[in-house]
Amino acid sequence: MNRASLPILPGRLGTPNLQLRDDPRADPRMIAAMAALGLDVASPPPPIGADAPLEQLRAFAAEAEAGFGGAFETLINALPPVRGVTSSVEVIRGVDGNSIKLFVHRPTTARGPAPGMLHIHGGGMVIGQAADAQYVRWRDELAAVGMVVVGVEFRNGAGKLGSHPFPAGLDDCTSALQWVTDNKTRLGISTLIVSGESGGGNLTLATTLKAKRDGRIGQIDGVYAQCPYICGTYASPPRELVSLQENDEYFIGRALMAILVRVYDPTGANATNPLAWPHHASAADLRGLPPHVISVNQLDPLRDEGIGYFRKLLDAGVSAVSRTVNGTCHAGDCIFRGAMPDVYAATIRDIRGFADSLA
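Predicted model only: the values in this text are computed from it and were never measured.

A. Expanded view of the sheet that holds strand 4 (residues 148-153). Spatial ordering of the open sheet is given by 1-2-4-3-5-6-7-8, a layout of eight strands whose pairing is mixed. Each having just a single partner strand, strand 1 (85-93) and strand 8 (320-325) make up the two edges of the open sheet. Put simply, the sheet's adjacent strands are angled 20° from each other on average, direction ignored. Of the pairings in the sheet, the one linking strand 1 to strand 2 (residues 99-107) comprises nine bridges and is antiparallel in character. Looking across to strand 2, one finds that Ser87 is bridged to His105.

Printed below as a string of structure tokens:
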């Protein structure tokens, strides 16, 4: 085979400066929605690197929180409200003595116990809030298909709910899991899954690993992690995580993620701690865990670390399913409800179906 007939490698592996809008794999509906927000091309590189002073990194993260929040709110504002859902707020005491707000979403006409979910929002464990419009919408949509969903407002590494590095956010998710478990009857929950996307995918997996370490793994019936952000070595990524180069700067990029890593774990003392970065979990850590679904996005820099975790689960004898949402960027099946309602709905159905399978 001569060089001219060799296949072109995908994404930025074959064309180093390829923009997401020009990648032939991308769903054109998603690209149109992203273009309206200027997200279909790579953002300018961060003005500072991950080795900058921590206060500068936290300030940068706060700016990123505002930017992402504004974009997500624009996408949500045009949508009609979700019908048939009742929501309420609980405030609990965390293991660190802090107050934690929980958002509870139920189907209005629920009859008898329903599958439950502890939802953990994205943002790299550093930015974003469970109270943000896109996460309220996500929980409402899941409640509308018959689930009881509890969103946890955990402490962040930066932004409005910062500055609380690891393990503060994980501690809050653990506290929330215990409260939901203790109140399953009152909430009308039958089986319970833990689920989240991106940084929430990290905390979903870490909460599960911690529950096993603490002898509480029986509290979790299943785990549904979406586009999990779990490697932690984005400044110098492992060679096997090809998607970190292939899809770099497609909506999110390694430079941004490296900054968030430093904010989450300022000293780097937890670089290989699986409770901070589940990619580093051993077979012994994973053995005996409940069934998992690991859902990834084809055009996500984080795709391959999610798939790698799925393979580790299988090797450890855990019941696990891997799912790739083609044509989508990082968390694209959660974000673009208006542009790709069928893709969004397919993920909602898959989560509900997974929860039903555990009964």
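B. Representation of the confidence of the model for the protein chain. With 98% of its residues at a pLDDT of 70 or more, the protein chain shows a mean pLDDT of 96. Mean pLDDT values over the elements of the protein chain span from 95, in helix 3 (residues 54-77), up to 99, in strand 6 (residues 222-226).

C. Expanded view of the packing of aromatic side chains. Under the definition given, this model contains eight aromatic pairs. Both rings, one in Phe68 and one in Phe251, keep their centres 5.8 Å apart while their planes meet at 80°; by these two values the pair is edge-to-face. Highlighted residues: Phe68 in helix 3 and Phe251 in the loop between helix 8 (243-246) and helix 9 (254-264), separated in sequence by 183 residues. Taking relative accessible area as the criterion, Phe251 reaches 12% and is therefore assigned buried.

D. A look at the environment of Gly84. Here Gly84 is to be found in the loop between helix 3 and strand 1. You can call Gly84 partly exposed: its relative accessible area is 43%. When the C-alpha atoms of Gly84 and Gly332 are compared, they prove to be 25 Å apart, with 248 residues separating the residues in sequence. Residue contacts for Gly84: discarding those within four places in its chain leaves Arg106, Pro107 and Thr108.

E. Molecular detail of the packing of helix 5 (residues 168-182) against helix 7 (residues 199-213). Axis separation between helix 5 and helix 7 bottoms out at 10 Å; the angle between their running directions is 65°. It follows from the interaxial angle that helix 5 and helix 7 lie roughly perpendicular. Helix-helix and strand crossings are classified by hand; for helix 5 and helix 7 the assignment is right-handed. Residues Gly169, Leu170, Asp171, Cys173, Thr174 and Leu177 of helix 5 touch helix 7, and the partners they reach there are Leu203, Ala206, Thr207, Lys210 and Ala211. For the contact of helix 5 with helix 7, a count of residues per class yields six nonpolar, three polar and two charged.

F. Spotlight on the side chain of Glu305. Looking at the secondary structure, you find Glu305 in helix 11 (residues 303-315). No salt bridge is formed by the buried Glu305; its nearest oppositely charged neighbour, Arg254, is found at 9.4 Å. At 2.9 Å, the side chain of Glu305 forms a polar contact with the backbone nitrogen of Cys231. In contact with Glu305, other than residues within four places in its own chain, are Pro228, Tyr229, Ile230, Cys231, Tyr234, Leu241, Leu244 and His279.

G. The arrangement of the pairing of strand 3 (residues 114-120) in detail. Counting buried residues in strand 3 gives seven out of seven residues, a clear majority hidden from the surface. Where strand 3 and strand 5 (residues 189-197) come together, six bridges link them in parallel fashion. Looking across to strand 5, one finds that Ala114 is bridged to Ile189. Crossover connection from strand 3 via helix 4 (residues 133-144) to parallel strand 4: handedness right-handed.

H. Representation of helix 3. With 24 residues, helix 3 should reach 34 Å at 1.5 Å per residue; the first-to-last C-alpha distance of 34 Å fits that figure. Of all the residues in helix 3, the buried ones are Leu54, Leu57, Arg58, Phe60, Ala61, Ala64, Glu65, Ala71, Phe72, Leu75 and Ile76.

Cut-off values and rules
Residues numbered from 1 in each chain as written. Predicted model: local features only at pLDDT ≥ 70, side-chain atom pairs only at ≥ 80, totals over all residues. Heavy atoms only, no water. Pairing = 2+ DSSP bridges. Helix = DSSP H or I, 4+ residues; strand = E, 2+ residues; numbered from the N terminus. Axes fitted to C-alpha atoms, helices over the stretch in contact; angles between N-to-C directions. pLDDT = per-residue confidence, 0-100. Phe/Tyr/Trp six-rings, centres within 6.5 Å; stacked < 30°, edge-to-face > 60°. Buried < 20%, exposed > 50% of the residue type's maximum accessible area, 1.4 Å probe, protein only. Contact = heavy atoms within 4.5 Å. Parallel < 35°, antiparallel > 145°, perpendicular 65-115°, else oblique. Left-handed = near helix turned anticlockwise from the far one by under 90°. Nonpolar A, V, L, I, M, F, W, Y, C, P; charged D, E, K, R; others polar. Lys, Arg positive; Asp, Glu negative; His and termini not counted. Salt bridge = Lys/Arg side-chain N within 4 Å of Asp/Glu carboxyl O. Polar contact = N/O pair within 3.5 Å; in protein donor to acceptor, adjacent residues only side chain to side chain. Right-handed = clockwise from strand over helix to strand, strands pointing away. Expected span 1.5 Å × (residues − 1).

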